[in-house]
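# Understanding the architecture of this molecule
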Amino acid sequence: MQESAGLLLVISLVLSNAILHVWSQDTGALLLTCGDEAGAKDLDGRQWSPDEKYLSKGSNSIASRATYQDPSLISEVPYMTARVFESKSTYKFPIKPDKRYWLRLHFYPSFYGSHDCADSYFSVTANSITLLSNFSASITCLALSQAYIDREYSLAALGSDTLTLTFKPADKNGAFAFVNGIQLIQMPELFDSASMVGFDQTFDAKSMHVQTMFRLNVGGKYLSPTQDSGLTRIWYDDYPYIYGASTGITTSAPSDVKLNYQSMPEYTAPSDVYLTSRSMGTDKNVNMGYNLTWVFQIDPNSMYLVRLHFCDYFNKEVNDLAFNIFLNSQMAEAGIDVIAMVGGRGIPLYRDFVVYARDGADSDQLWVALHPNGITKPSYLDAILNGLEIFKLSDTDLSGPNPTPSDRFNRESEEKFESHKPYNKTVVIGGAAGGAAGFALVAAICLAVHKKKKYAGQHTHSSWLPIHGNSSGASKSSMSASSIGSSNVTAMAQGLCRYFTLQEMKHATKNFDEANVIGVGGFGKVYKGVIDNGMKVAIKRSNPESEQGVNEFQTEIEMLSKLRHKHLVSLIGFCEDNDEMCLVYDYMALGTFRDHLYKGNKRLGTLSWKQRLEICIGAARGLHYLHTGAKYTIIHRDVKTTNILLDENWAAKVSDFGLSKTGPNMNNGHVSTVVKGSFGYLDPEYFRRQQLTEKSDVYSFGVVLFEALCARPVLNPNLPKEQVSLAEWALLCKRRGTLEEIIDPSLKGKINPESLKKFVDTAEKCLSDIGVERPTMNDLLWNLEFALTLQESGSTHSSVSHSGESELEEISLDDKDTASHNKSQSLGVQNELSQRQQQDSTSDNTGAIYSQFVNLNGR
Ligand SMILES: *[C@@H]1O[C@H](CO)[C@@H](O)[C@H](O)[C@H]1NC(C)=O
Ligand SMILES: *[C@@H]1O[C@H](CO)[C@@H](O)[C@H](O)[C@H]1NC(C)=O
């Protein structure tokens, strides 16, 4: 029995390998972890070997280990060990003279023994091609706000059977070169001729050496090297590169669309790239009024190949969709009609264009813009993009200057102070290979604002926030103090989150008038406000006494400034002025989900079953995006009905990211952390093991589902013991077959039994004791949608039994309402205190439970 299962597993593994590795990447692939004597596996499970045997004789090098591990390093291998060169040194690798190769270099500027990478300037050549010159990994990382850089090159056939990789320190006292990892992998010829924008001719890129500048899964998620189509490339989310506020909408292919590569090699791009896209939107008038635009930071005076990937999975007919492509304001292609070119739905296509970035104003930016082609009158005035790659081309020299962040941001800050309108600012995000960087930059900015403040160093803010580069890495913090002025940083912060003055905040809230208070949490009060021309907003004002507030304020800006999703509350901006801190959000007219289910212990029963399902689905979508949509898995940690807000159209939006954590996007990844969250929703496994995974959010969401069904508080200490916790009570009733008795009476007879069954089964699975047995957010979403379909298609006749009325009355103990309310009130002060204790200790569970328990009315 077991053997046959094992055999099946082997077969399926073999099969999946056969499908994935259309390009057999493993032939002679070299993955070297430099300065490591034994070799090791990275987090993706790829084996890296020692580099020593490829070093030429006479090379003067030191194998060394970094003295500090930045928390943002996603994998220790190959970054934690390095080879340091005090004089010119070479590696020699055997290659095939007629083949193209990936050459990837990995740098983690840190301290290696007495070598401080801040003093390291060097050049790197591959045979006669200059890859880097006067390169400072340290400055580059600082400018991009990340701890490490990966550079990806693709070298055309070199006509030689040896690749000589030379590292040469700058002619400067104390300068040295270093490298942490080298990948040399034979690859298929990916390049061909491309049309030159602005010239009526084509350019042959086949013989060109290439540096990858950006590689984006447009409208999709981060894809790791092992998720690529055999070429071990990394694909990033495109969102940070979108210009302005018009971000269009993202879609993914309907499940019945089967991707057909036709004659295009499948390694061109993975199916995940083609099955998601960004388009302009559904309103043709809006679409005709703007360009869907991405902006990239590039080196001037160079040639770039821009590859746009398309796949139309909605339309079928010629002239359903036709649009124009502009590169740097020049028409690159007029009226491209993907369906007409490929002949049908679900067939991918890419287009290559070559642009030359001249010296001069704005020569360091590359603009990609799409606009509907009104002339051919297509059925839909829209435009789409599925993937985008930008490569720098040269036959001799791919090097560029070190980035100089302060100049750029000075210039931009001036522009920004002039115009106080939101969003009409150029957000340019610089990037090294793949653009990992850009993402980091944006968020780091927001964070950096706080570093300069007196709070810095005072609180124990977790540095488990890899994307944001808020590391306390010695080299980085010492540099940031000297090279980035605080005003620049503040200005940078305005790129993605709008900056408000205290004056504006006072104006918006009528001087923080108590009459405008719409909520109170651990952070402080939440006010209703009006900005600009009558736009309603919610303003969360910090309580200056709450240190917790400072932490959560930071986390919230970090998280929200880079996330935008229909089902996440959007952050409009923030204010930090005279020790006042405010966060400004979209105003959610209909308040919290809980407010529509019950108040105190009293059921309200105003929402129909369909509405409740739709709200749960919306919230699940928001959480699904957090778990999978960004480069890193983001765990919300405080999923509850008071954190699900409703806008004027009853659309659900997840809010309150004060406790959110990012974790590495790895298999079975988890983050070890102090247990936080709200009692009654807490994942018991997380509680036991103090290890946080996205399944903890799934557990909490399961509680939300039962809350939606039963419309009672998740904890009601006034009830008999077995009924206090809704999660436990609901599971018990489900097992006893008496669940129908605890359903919200206002739903009686209105739920289709099939829909109910699907819903309850799903909620029960979410509450599994063991994380791995819980569904993913994606499965959950699917099941809820199914429950909704069943409700809509099913009969409307009464199905829920009318028995148990008496028990229900027993539960809704109106008279005890006031008592329990008072109880939590009086514990309010204690609450603040115990939360602080909880922050300082990692093992004091009692304190944690206590604070969460008294905190059940929300922070
Ligand atoms: C779109 O971009 C092109 C090229 O820069 C420009 O000519 C055109 O006016 C833009 N259209 C809109 C609506 O902004
Ligand atoms: C090397 O780079 C640094 C930092 O960007 C710069 O200040 C210096 O002038 C450069 N040196 C040369 C020789 O280009």
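Residues numbered from 1 in each chain as written. Chains lettered and ligands numbered in written order. Predicted model: local features only at pLDDT ≥ 70, side-chain atom pairs only at ≥ 80, totals over all residues. Heavy atoms only, no water.

The test is simple: UniProt positions are given in the numbering used here, feature names are shortened, and annotations may be inferred rather than shown by experiment.
Going by an unreviewed UniProt entry, the protein carries the name non-specific serine/threonine protein kinase and comes from Arachis duranensis. Under the heading Subcellular location (unreviewed entry), UniProt records this for the protein: "Cell membrane".

### Quick word on the overall build of the protein
Applied cut-off: Secondary structure elements follow DSSP: runs of H or I no shorter than four residues count as helices, runs of E no shorter than two count as strands, and numbering proceeds from the N terminus. Think of it in three bands: with a 1.4 Å probe and only protein chains considered, a residue is buried below 20% of the maximum accessible area for its type, exposed above 50%, and partly exposed in between. Between two residues, a contact is recorded if the distance between any of their heavy atoms is within 4.5 Å. Note on areas: Shrake-Rupley, 1.4 Å probe, and residue coverage restricted to the protein chains presented here.
Summing up its helical and strand segments, the protein has 23 helices and 43 strands in all. Each of the 859 residues in the protein was classed as buried or not, and the buried ones make up 58%. Here the contacts in the protein between residues at least 6 apart in sequence split such that 75% fall between residues at least 24 apart. Counting every atom, the protein has about 34600 Å² of accessible surface; 51% of that belongs to carbon and sulfur.

### A closer look at the pairing of strand S10 (residues 122-126)
Our working rule: Any two strands with at least two DSSP-identified bridges between them are counted as paired.
Along S10, the buried face is formed by Phe122, Val124 and Ala126; none of Ser123 and Thr125, which line the opposite face, is buried. Where S10 meets strand S11 (residues 129-135), four bridges bridge the pair, whose relative direction is antiparallel. From the neighbouring strand, Val124 faces S11, where its bridge partner is Leu132. In this antiparallel pair of consecutive strands, S10 and S11, the connection spans two residues, and Asn127 shows a positive phi of 50°. In this structure, S10 lies alongside strand S13 (residues 162-169), joined through five bridges in antiparallel fashion. Considered in S13, the bridge of Thr125 is made with Thr166.

### Description of the packing of aromatic side chains
Counted only if it meets this: Pairing of aromatic side chains here covers Phe, Tyr and the six-membered ring of Trp, requires ring centres within 6.5 Å, and sorts the geometry by plane angle: under 30 degrees stacked, over 60 edge-to-face, intermediate tilted. Whether a charge sits over a ring comes down to the Lys NZ or Arg CZ being within 6 Å of the ring centre and within 35 degrees of the ring normal.
All told, the structure shown has 27 aromatic pairs when counted by the stated rule. Seen in terms of ring centroids, Tyr79 and Tyr148 are 4.7 Å apart; in terms of plane orientation they differ by 45°. Their pairing is tilted. Taken as a pair, Tyr79 in helix H2 (residues 76-79) and Tyr148 in the loop between helix H3 (137-144) and strand S12 (149-155) lie far apart in primary sequence, 69 residues in all. The same class applies to Tyr79 as to Tyr148, namely buried. Geometrically, the ring pair formed by Phe122 and Phe178 is edge-to-face, given 5.8 Å between the ring centres and 65° between the ring planes. A residue pair is termed long-range when its members are at least 10 positions apart, and Phe122 in strand S10 and Phe178 in strand S14 (residues 177-179) qualify at 56 residues. Here Phe122 falls in the buried class, since its relative accessible area comes to 1%. Three or more aromatic residues joined by ring pairs form one cluster here, namely Tyr54, Phe85, Tyr91, Phe93, Phe107, Tyr112, Phe122, Phe135, Phe167, Phe176 and Phe178. Just above the ring of Trp102 sits the side chain of Arg104; from NZ or CZ to the centre is 4.8 Å. A cation over a ring is seen here: Arg541 above Phe512, with NZ or CZ 3.8 Å from the ring centre.

### Here we look at the packing of helix H16 (residues 694-710) against helix H17 (residues 726-736)
Short version of the rule: Axis lines are fitted through C-alpha atoms, for helices just across the contact stretch, and the angle between N-to-C directions can take any value from 0 to 180 degrees. Small angles under 35 degrees read as roughly parallel and large ones over 145 as roughly antiparallel, with 65 to 115 read as roughly perpendicular and the rest as oblique. Note on residue categories: nonpolar means Ala, Val, Leu, Ile, Met, Phe, Trp, Tyr, Cys or Pro, charged means Asp, Glu, Lys or Arg, and polar means any other residue, Gly included.
Relative to each other, H16 and H17 sit at 70°, their axes nearing to 10 Å. Compared by their axis directions, H16 and H17 come out roughly perpendicular. Across the interface between the two elements, Tyr699, Val703, Phe706, Glu707 and Cys710 of H16 pack against Leu726, Ala727, Ala730 and Leu731 of H17. Within the contact of H16 with H17, the residues separate by chemical class into eight nonpolar, no polar and one charged.

### Let's talk about the UniProt feature "binding site: ATP" (unreviewed entry) in the protein
The UniProt entry lists Lys540 under the feature "binding site: ATP" (unreviewed entry), expressed in the numbering used here. The class for Lys540 is buried, based on a relative accessible area of 13%.

### Looking at the packing of H17 against helix H18 (residues 753-766)
Heads up, the rule is: When the near helix sits turned anticlockwise from the far one by under a right angle, the crossing is termed left-handed; a clockwise turn instead gives a right-handed crossing.
Their axes nearest at 11 Å, the elements H17 and H18 cross at an angle of 125°. As summarised for this structure, H17 and H18 are arranged oblique, according to the angle between their axes. As H17 packs across H18, the resulting crossing turns out to be left-handed. Where H17 approaches H18, its residues Leu731, Lys734 and Arg735 are matched on the opposing element by Val760, Asp761 and Glu764. When the residues that make up the contact of H17 with H18 are grouped by side-chain class, the tally is two nonpolar, no polar and four charged.

### Focus: the environment of Ser128
Position of Ser128 relative to the elements: it lies in the loop between S10 and S11. Residue classification places Ser128 among the exposed residues on the basis of a relative accessible area of 66%.

### Thoughts on the pattern of salt bridges
The line we're drawing: Criterion for a salt bridge: a side-chain nitrogen of Lys or Arg within 4 Å of a carboxyl oxygen of Asp or Glu.
Across all of its chains, the model carries 25 salt bridges by this definition. Residue Glu152 pairs with Arg215 through a salt bridge whose shortest N-O separation is 2.7 Å. Separated by 63 residues along the polypeptide, Glu152 in strand S12 and Arg215 in strand S18 (residues 209-217) bring together distant segments of the chain. A salt bridge links Asp238 to Arg278, with the shortest nitrogen-to-oxygen separation between them at 2.7 Å. In this pair, Asp238 is assigned in the loop between strand S19 (236-237) and strand S20 (249-252) and Arg278 in strand S21 (residues 276-279), connecting sequence segments 40 residues apart. Of the residues examined, Asp238 reaches a relative accessible area of 0% and is grouped as buried. The network of salt bridges with common partners includes Arg104, Glu152, Arg215 and Glu389.

### Some remarks on the sheet that holds S11
As summarised here, the arrangement of the four strands in space is S6-S13-S10-S11, forming an open sheet in which the pairing is antiparallel. Of all strands in the sheet, those bounded by a partner on one side alone are strand S6 (89-94) and S11. Ignoring which end each strand starts from, the neighbouring axes of this sheet average 10° apart.

### Re the site of ligand 1
The following threshold applies: Here a residue counts as near a molecule or strand whenever at least one of its heavy atoms sits within 4 Å of it. Identification of polar contacts relies on pairs of N or O atoms within 3.5 Å, with a donor-acceptor requirement for protein atoms, meaning one able to donate a hydrogen and the other able to accept it, and with residues adjacent in sequence counted only if both atoms are side-chain atoms.
By nearness alone, every residue bordering ligand 1 is listed as Gly289, Tyr290, Asn291, Phe326, Ser329 and His371. One of the side-chain nitrogen or oxygen atoms of Asn291 is found 2.2 Å away from an oxygen atom of ligand 1. Between an oxygen atom of ligand 1 and a side-chain N or O atom of Ser329, the distance comes to 3.4 Å. Protein chains shield 52% of the accessible area of ligand 1, which is 360 Å² for the free molecule. Classifying every residue of the shell around ligand 1 by side-chain character gives two nonpolar, four polar and no charged.

### Notes on the nonpolar core
What counts, and what does not: Definition used in this section: a nonpolar core is a set of buried Ala, Val, Leu, Ile, Met, Phe, Trp, Tyr and Cys residues joined via side-chain atoms within 4.5 Å.
With 58 residues, the main nonpolar core has Phe593, Phe701, Leu705, Phe706, Leu709, Phe759 and Leu784 as its most contacted residues. In contact with Leu784, not counting residues within four places along its chain, are Leu613, Cys616, Ile617, Ala620, Phe701, Leu705 and Phe759. Counting residues in each nonpolar core, the second largest holds 46 residues, with Ile149, Phe178, Leu184 and Leu398 among its members.

### Brief notes about the site of ligand 2
What surrounds ligand 2 is the set Tyr121, Asn134, Ile139 and Asn402. Within the contact set of ligand 2, an oxygen atom lies 2.4 Å away from a side-chain nitrogen or oxygen of Asn134. Protein chains shield 35% of the accessible area of ligand 2, which is 360 Å² for the free molecule. In the shell around ligand 2, the residues fall into two nonpolar, two polar and no charged.

### Some details on H18
Here is the rule: To estimate the expected span of a helix, count its residues, drop one, and scale the result by 1.5 Å. The arc in question is the one traced by the directions running from the helix axis out to the C-beta atoms.
Between its terminal C-alpha atoms H18 stretches 20 Å, which fits the 20 Å expected from 14 residues at 1.5 Å a residue. Among all positions of H18, only Ser755, Leu756, Phe759, Val760, Thr762, Ala763 and Cys766 are buried. Taken down its axis, H18 places every buried residue within 160° of arc, on the same side. H18 presents Glu754 and Lys757 as exposed residues on the side facing more than 90 degrees away from its buried surface. Considering only its buried residues, H18 is in contact with helix H14 (609-628), H16, H17 and helix H19 (777-793).

### Details of the confidence of the model for the protein
Let me state the cut-off plainly: Predictor confidence is given residue by residue as pLDDT, running from a minimum of 0 to a maximum of 100.
When the pLDDT values of the protein are averaged, the result is 76; 72% of them are 70 or greater. Here helix H9 (residues 474-483) stands out as the element of the protein with the lowest mean pLDDT, 25, in contrast to strand S28 (residues 384-385), whose mean of 98 is the highest. In this model, residues 1-22 is a region of pLDDT below 50 whose contacts with residues beyond four sequence positions or in other chains number four contacts. Note that pLDDT drops below 50 for residues 663-675; the model gives that stretch 43 contacts with residues more than four away or on any other chain.

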